[in-house]
Amino acid sequence: MTENITDHSASKTKSVTETDAWTADNDVDLGILLELGSIGAGNAATSLSEIFQEPILIEVPKIHTLPPHLVPKFYQKHDVPTTAVYMQLRGEADCDMLLLFEVEEAKKIAAMMIRAPSPEDNDPEMEASAIQELGNIVIGSFLTALSDFTGVNLIPNPPQRVVDSFDAILDSFLIKQLLASDIAIVFDTYFKRADGNISGILMMFPSRQLQDVLIEKAKNWVR
Amino acid sequence: MLIPPFQPLFSINTLGVNLAKFPQNSANSPEATKTDLTPQLSPFMVFQNQPAPHIEEVRVNMAEMKVEDRPVALVTNVGSCVAVCIHDSNNKRGGLAHIMLPSSSVTRNKSFPLKYADTAVPALTGALRKLGKSSVALSAKTVGGANMFPNMRFITLNIGEKNVEAVKQALAAEGVRLLAEDVGGNCGRRVSFNVVDGSVRVRNGRREVKII
């Protein structure tokens with residue numbers, strides 16, 4: 001005998017957005033956020049290409065709106081050991097940005113950056129520092145694109161690196177998102193090297209305030 | 001010179017290998033090598049890179065709760081969230097709830113009770129009591145409540161600690177004894193709760209395994 005009790009909140013999503021008069025609810029606003037994200041991700045990919053001296057591809061960025069607690073289920077990467085660089089953006093509005101690599105891939109990337117002969121020879125401290133710096137550059141260029149386009153002032157805090165399982169890394173952000181609203185807007189994009197052996201995820205949890213500010217400024221710009 | 005075989009202080013047979021069949025001291029026995037399968041535990045019961053025993057695993061997602069009486073392990077990953085494992089030793093049955101926030105009073109929307117400690121714990125004990133009819137013996141173990149990013153501003157909320165505290169209060173209110181806990185720190189944990197014997201296998205982000 002088995003009893004599975006699941007929170008079927010996906011079906012309730014509609015009613016939640018109806019009761020909350022939320023600006024990002026309609027497709028146009030989501031489209032604007034997605035466009036801003038694409039510009040940022042393009043900029044980030046350019047700076048990655050410059051670091052590695054070879055072309056870096058980005059997949060078409062995606063924007064997901066779903067209840068925060070369903071995000072880990074959506075990615076299905078529960079136990080995957082992950083290296084993450086976290087940057088908190090402050091200023092006109094708050095935003096959390098995460099750059100996620102699988103641990104093995106982060107090692108390869110660090111080896112390329114510090115010119116180590118192989119990922120196994122990495123000095124752990126150098127590796128940590130290299131990955132943090134990479135996060136700084138990628139998220140920084142994302143931010144530059146965003147503020148060039150909209151004029152929003154966002155000040156990044158120093159990056160912090162953490163190595164843990166995918167779910168455990170995400171859950172602090174999801175809790176924070178849950179405190180703010182019932183729906184998380186997660187923006188993600190994948191980076192790939194031309195030979196396809198390294199990929200990473202850039203994830204953004206914009207606060208509701210930031211979404212409003214971005215949409216407002218982008219609308220003015222479009223007019 | 002003959003080196004006497006290493007005698008561990010104590011060991012736990014997590015793989016279900018019958019130790020009596022493999023005498024530890026007979027170095028000449030062809031079966032002696034098989035005893036390597038059993039983990040040699042340090043007094044702290046922490047060991048590295050130990051393969052998990054073979055048991056079917058059922059994944060519990062965030063803000064979900066599952067109750068099983070098949071011989072399976074309920075598995076979940078927690079960081080600042082808390083996994084509440086409640087075992088019914090009379091009926092060899094158990095349930096796991098993955099809670100995210102301490103109290104349902106912090107948000108306006110109360111439609112998802114399994115997110116909150118003060119509503120999920122009564123739901124879990126209620127489900128176990130309903131299945132077990134009159135004869136239940138409930139005991140609880142909690143895992144999680146870590147602080148993943150110690151330097152960051154929003155962690156001044158200390159949501160992990162608050163979660164752990166709220167779970168304790170909810171368990172006390174339900175009259176369920178808290179047997180063991182592995183909480184705090186700044187490391188995520190993978191929880192594997194064997195519903196038959198009530199043991200909880202915790203593997204943290206540094207790949208150290210602990211059985212509580």
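These numbers were taken from a predicted model, which means no experiment stands behind them.

**Some remarks on the overall build of chain A**
Within chain A, the secondary structure is distributed over seven helices and nine strands. Sorting the 223 residues of chain A into buried and exposed places 42% on the buried side.

**Observations regarding the nonpolar core**
Val84(B), Leu96(B), Ala97(B), Ile99(B), Ala120(B), Val121(B) and Val167(B) are the most contacted members of the largest nonpolar core, which has 104 residues in total. If one sorts the elements of this core by residue count, helix H5 (residues 124-150) of chain A sits on top with nine residues.

**What about helix H2 (residues 159-174) of chain B?**
For H2(B), which comprises 16 residues, the first-to-last C-alpha distance of 22 Å matches the rise-based estimate of 22 Å (1.5 Å per residue) to within 8%. Regarding H2(B), the residues found buried are Ile159(B), Gly160(B), Asn163(B), Val164(B), Ala166(B), Val167(B), Ala170(B) and Leu171(B). Summarising the axial view, the buried residues of H2(B) lie within an arc of 165 degrees, below the 170-degree limit, and thus occupy one face. Exposed positions of H2(B) whose direction lies more than 90 degrees from the buried face are Ala172(B) and Ala173(B). At its buried positions, H2(B) is contacted by helix H6 (166-180) of chain A together with strand E5 (82-88), strand E6 (93-99), helix H1 (117-131), strand E7 (138-144) and strand E8 (177-183) of chain B. Directly after H2(B), the chain includes Gly175(B), whose backbone phi takes a positive value near 75 degrees.

**Focus on the pairing of strand E3 (residues 65-68) of chain B**
Residues in a regular strand project their side chains so that they alternate between the two faces of the sheet. All names here are of chain B. Residues of E3 alternate between two faces, with Met 65 and Val 67 on one and Lys 66 and Glu 68 on the opposite face, all of them buried. The sheet contact formed by E3 and E6 spans four bridges and is antiparallel. Opposite Lys 66, over in E6, you have Leu 96 as the bridge partner.

**A look at the confidence of the model for chain B**
Overall, the prediction assigns chain B a mean pLDDT of 76, with 69% of residues at 70 or greater. Under the prediction, the complex receives an ipTM of 0.75, its pTM being 0.74.

**Some remarks on the environment of Cys187(B)**
Residue placement: Cys187(B) occurs in the loop between E8 and strand E9 (189-194). Judged by the 18 C-beta atoms lying within 10 Å of it, Cys187(B) is partly exposed. C-alpha of Cys187(B) to C-alpha of Arg129(B): the two residues are 58 residues apart in sequence and 33 Å apart in space. In contact with Cys187(B), not counting residues within four places along its chain, are Asp164(A), Ala146(B), Asn204(B), Gly205(B) and Arg206(B).

Reading the values: the criteria
- Residues numbered from 1 in each chain as written.
- Chains lettered and ligands numbered in written order.
- Predicted model: local features only at pLDDT ≥ 70, side-chain atom pairs only at ≥ 80, totals over all residues.
- Helix = DSSP H or I, 4+ residues; strand = E, 2+ residues; numbered from the N terminus.
- Buried ≥ 20, exposed ≤ 12 C-beta atoms within 10 Å, placed from the backbone.
- Core = buried A, V, L, I, M, F, W, Y, C linked by C-beta atoms within 7 Å.
- Expected span 1.5 Å × (residues − 1).
- Arc of directions from axis to C-beta.
- Contact = placed C-beta atoms within 7 Å.
- Pairing = 2+ DSSP bridges.
- pLDDT = per-residue confidence, 0-100.

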